[in-house]
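Structure at a glance
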Amino acid sequence: MNRAKLYRKITVWTSPVLFVLLALQLITGLASIKGREFARVSLGLINPADTGKLHTVWLVLITGIIVYLHGIAGLGTLITRAKFIRHKLIWEVAVVAIGCLLFAQFMILYFL
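Everything in this summary refers to the structure shown in the same document. (Residues numbered from 1 in each chain as written. Predicted model: local features only at pLDDT ≥ 70, side-chain atom pairs only at ≥ 80, totals over all residues. Heavy atoms only, no water.)

Points about the pattern of salt bridges
Under the criterion given, the structure shown has 1 salt bridge. One salt bridge connects Arg 3 with Glu 92, and the closest N-O pair in it is separated by 2.8 Å. With a gap of 89 residues between them, Arg 3 in helix H1 (residues 3-33) and Glu 92 in helix H4 (residues 88-111) connect regions that are remote in the sequence. Classification of Glu 92 as buried rests on a relative accessible area of 5%. (Salt bridge = Lys/Arg side-chain N within 4 Å of Asp/Glu carboxyl O. Helix = DSSP H or I, 4+ residues; strand = E, 2+ residues; numbered from the N terminus. Buried < 20%, exposed > 50% of the residue type's maximum accessible area, 1.4 Å probe, protein only.)

In structure tokens form, the structure reads like this:
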């Protein structure tokens with residue numbers, strides 16, 4: 001499989017996952033602020049403390065990992081399709097290297 005197809009596959013598979021994760025981020029963020037209203041809407045299944053923990057601890061990590069993967073693959077797709085970029089391999093390596101550095105920074109800051 002060539003790199004362009006791999007980038008497209010990663011982008012296609014991470015898009016719906018990101019959509020669901022971002023919807024959960026928005027809902028749990030609002031739920032941690034408007035606790036009583038959310039408890040009524042969710043029929044008491046989820047309390048504000050659980051939504052706050054889910055919003056600030058678990059969803060951040062999962063969403064961050066998927067966002068970086070989606071972003072690197074999306075930029076890789078852009079580079080492989082762009083007609084005006086001459087040295088595509090150099091640009092791809094630069095995008096992956098910068099993406100990996102930013103991802104490492106995110107993981108270090110998350111786990112500190």
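Next comes the rest of the account.
A closer look at the side chain of Gln 25
Looking at the element boundaries, Gln 25 is found in helix H1. Since its relative accessible area comes to 15%, Gln 25 is described here as buried. Of note is the side chain of Gln 25, whose polar atom sits 3.0 Å from the side chain of His 55. (Polar contact = N/O pair within 3.5 Å; in protein donor to acceptor, adjacent residues only side chain to side chain.)

Some details on the packing of aromatic side chains
Enumeration according to the criterion identifies 4 aromatic pairs in this entry. For the ring pair Tyr 68 and Phe 106, a centre distance of 5.8 Å and an interplane angle of 45 degrees mean the geometry is tilted. Pair noted here: Tyr 68 is in helix H3 (residues 48-81) and Phe 106 is in helix H4, with a separation of 38 residues, a long-range link. Owing to a relative accessible area of 17%, Phe 106 belongs among the buried residues under this scheme. Measuring from ring centre to ring centre gives 4.9 Å for Tyr 110 and Phe 111, while their planes differ by 90 degrees; the resulting arrangement is edge-to-face. Among the residues examined, Tyr 110 registers a relative accessible area of 22% and is labelled partly exposed. Residue classification places Phe 111 among the exposed positions, given a relative accessible area of 55%. Among the aromatic residues, ring-to-ring pairing joins Tyr 68, Phe 103, Phe 106, Tyr 110 and Phe 111 into one connected group. (Phe/Tyr/Trp six-rings, centres within 6.5 Å; stacked < 30°, edge-to-face > 60°.)

What about a positive patch on the surface?
Together, Lys 5, Arg 8, Lys 9 and Arg 81 make up a region of like positive charge exposed at the surface. Ranked by the residues each element gives to the positive patch, the list is headed by H1, at 3 residues. Here Arg 81 is to be found in helix H3. (Patch = residues over 30% accessible without salt bridge, like charges linked within 9 Å, V, L, I, M, F, W, Y side chains within 5 Å. Areas by Shrake-Rupley, 256 points an atom, 1.4 Å probe, with all protein chains shown as cover. Lys, Arg positive; Asp, Glu negative; His and termini not counted. Charge placed at Lys NZ, Arg CZ, Asp CG, Glu CD.)

Describing the environment of Leu 102
Secondary-structure assignment places Leu 102 in helix H4. In this structure the C-alpha to C-alpha distance between Leu 102 and Tyr 68, which are 34 residues apart in sequence, comes to 8.3 Å.

Some thoughts on H1
An ideal rise of 1.5 Å per residue puts 45 Å on 31 residues; H1 measures up with 43 Å between its terminal C-alpha atoms. Of all the positions in H1, only Ala 4, Tyr 7, Thr 11, Thr 14, Leu 18, Leu 21, Gln 25, Thr 28, Gly 29 and Ala 31 are classed as buried. (Expected span 1.5 Å × (residues − 1).)

The values are spatial; any link to function lies outside them.
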